[in-house]
Amino acid sequence: MNEEPHIGKLIKEELARQGRSITWLAAQLGYSRQYVYKLFRRKWIYTDLLLKISDLLDYDFFRCFSNYRNSKKKDEKP
């Protein structure tokens with residue numbers, strides 16, 4: 001079975017993949033760098049913030065949860 005997505009880790013990985021800085025994300029969100037570091041440690045965040053981050057990074061983080069849900073359903077079928 002797949003592991004449940006950890007949204008903070010996924011955001012951090014995508015930010016790095018795109019070569020964008022934490023300072024850039026913090027400025028785009030209107031938060032401090034310290035807040036962004038805290039986001040990276042979170043397993044979940046509010047959907048409105050996740051949507052904003054998805055738009056900024058042009059990445060559908062919601063799909064990660066859909067994929068997890070679908071794979072979990074497959075694993076539960078007899």
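Sequence order as written defines residue numbering, which begins from 1 separately in each chain. Selection of residues for local features in this predicted model requires a pLDDT of at least 70, selection of side-chain atom pairs for listing and counting requires 80 or more, and totals for whole chains, interfaces and linings are taken over all residues. Heavy atoms throughout the structure, all of them, feed into the side-chain values; hydrogens and water do not.

Caption draft 1: Inspection of the overall build of the chain at higher detail. Secondary structure elements follow DSSP: runs of H or I of four or more residues count as helices, runs of E of two or more count as strands, with numbering from the N terminus. Of regular secondary structure, the chain possesses 5 helices and 0 strands. Of the regular secondary structure in the chain, the N- to C-terminal order runs α-α-α-α-α. Exposed residues in this analysis have more than 50% of their type's maximum accessible area, buried residues have under 20%, and partly exposed residues fall in between, with area computed by a 1.4 Å probe over protein chains only. A total of 78 residues make up the chain; the buried ones form 31% of that total. By sequence separation, contacts in the chain at least 24 residues apart represent 60% of the contacts at least 6 residues apart. Exposure was quantified through the Shrake-Rupley algorithm and a 1.4 Å probe, taking into account, for residues, occlusion by the shown protein chains and nothing else. Accessible area of the chain: about 5700 Å², with a carbon and sulfur share of 49%. Whether two residues are in contact is decided by their heavy atoms: any pair within 4.5 Å suffices.

Caption draft 2: Seen up close, the pattern of salt bridges. A pair is scored as a salt bridge if a Lys or Arg side-chain nitrogen falls within 4 Å of a carboxyl oxygen belonging to Asp or Glu. The tally for this structure, following the rule as stated, stands at 3 salt bridges. Lys43 is the salt-bridge partner of Glu4, the closest N and O atoms lying 3.8 Å from each other. With a gap of 39 residues between them, Glu4 in the segment before α1 (7-17) and Lys43 in the loop between α3 (33-41) and α4 (47-57) connect regions that are remote in the sequence. Since its relative accessible area comes to 42%, Lys43 is described here as partly exposed.

Caption draft 3: How the structure looks around the environment of Gly8. In this fold, Gly8 is placed in helix α1. Accessibility expressed as a relative area gives 0% for Gly8, which makes it buried. With 28 residues separating them in the primary sequence, Gly8 and Val36 have C-alpha atoms 9.1 Å apart. Ignoring anything within four residues of it in the chain, the contact list for Gly8 reads Leu39, Phe40 and Arg42.

Caption draft 4: Up close: the packing of helix α2 (residues 22-29) against α4. Viewed as axis vectors pointing N to C, α2 and α4 meet at an angle of 125°, and their least axial separation amounts to 11 Å. Considered as vectors, α2 and α4 are oriented oblique to each other. Taken as a pair, α2 and α4 cross one another with a handedness that is right-handed. Facing α2, whose interface residues are Trp24, Leu25, Gln28 and Leu29, α4 presents Leu49, Lys52, Ile53, Leu56 and Leu57. Residues are grouped as follows: nonpolar covers Ala, Val, Leu, Ile, Met, Phe, Trp, Tyr, Cys and Pro; charged covers Asp, Glu, Lys and Arg; every other residue, Gly included, is treated as polar. Taken together, the residues of the contact of α2 with α4 sort by class into 7 nonpolar, 1 polar and 1 charged. Orientation is described by lines fitted to C-alpha atoms, with helices fitted over the stretch in contact, and by angles between N-to-C directions that extend from 0 to 180 degrees. An angle below 35 degrees is read as roughly parallel, one above 145 as roughly antiparallel, one from 65 to 115 as roughly perpendicular, and any other as oblique. Each helix crossing is assigned a hand: it is left-handed if the near helix lies turned anticlockwise from the far helix by less than a right angle, otherwise right-handed if that turn is clockwise.

Caption draft 5: Summary view of the nonpolar core. In these notes, a set of buried Ala, Val, Leu, Ile, Met, Phe, Trp, Tyr and Cys residues joined through side-chain atoms within 4.5 Å is what counts as a nonpolar core. Ranked by size, the top nonpolar core spans 16 residues in total, and within it Ile11, Ile45, Ile53 and Phe61 carry the most contacts. Of all elements in the fold, only α1, α2, α3 and α4 reach the threshold of two or more residues within this core.

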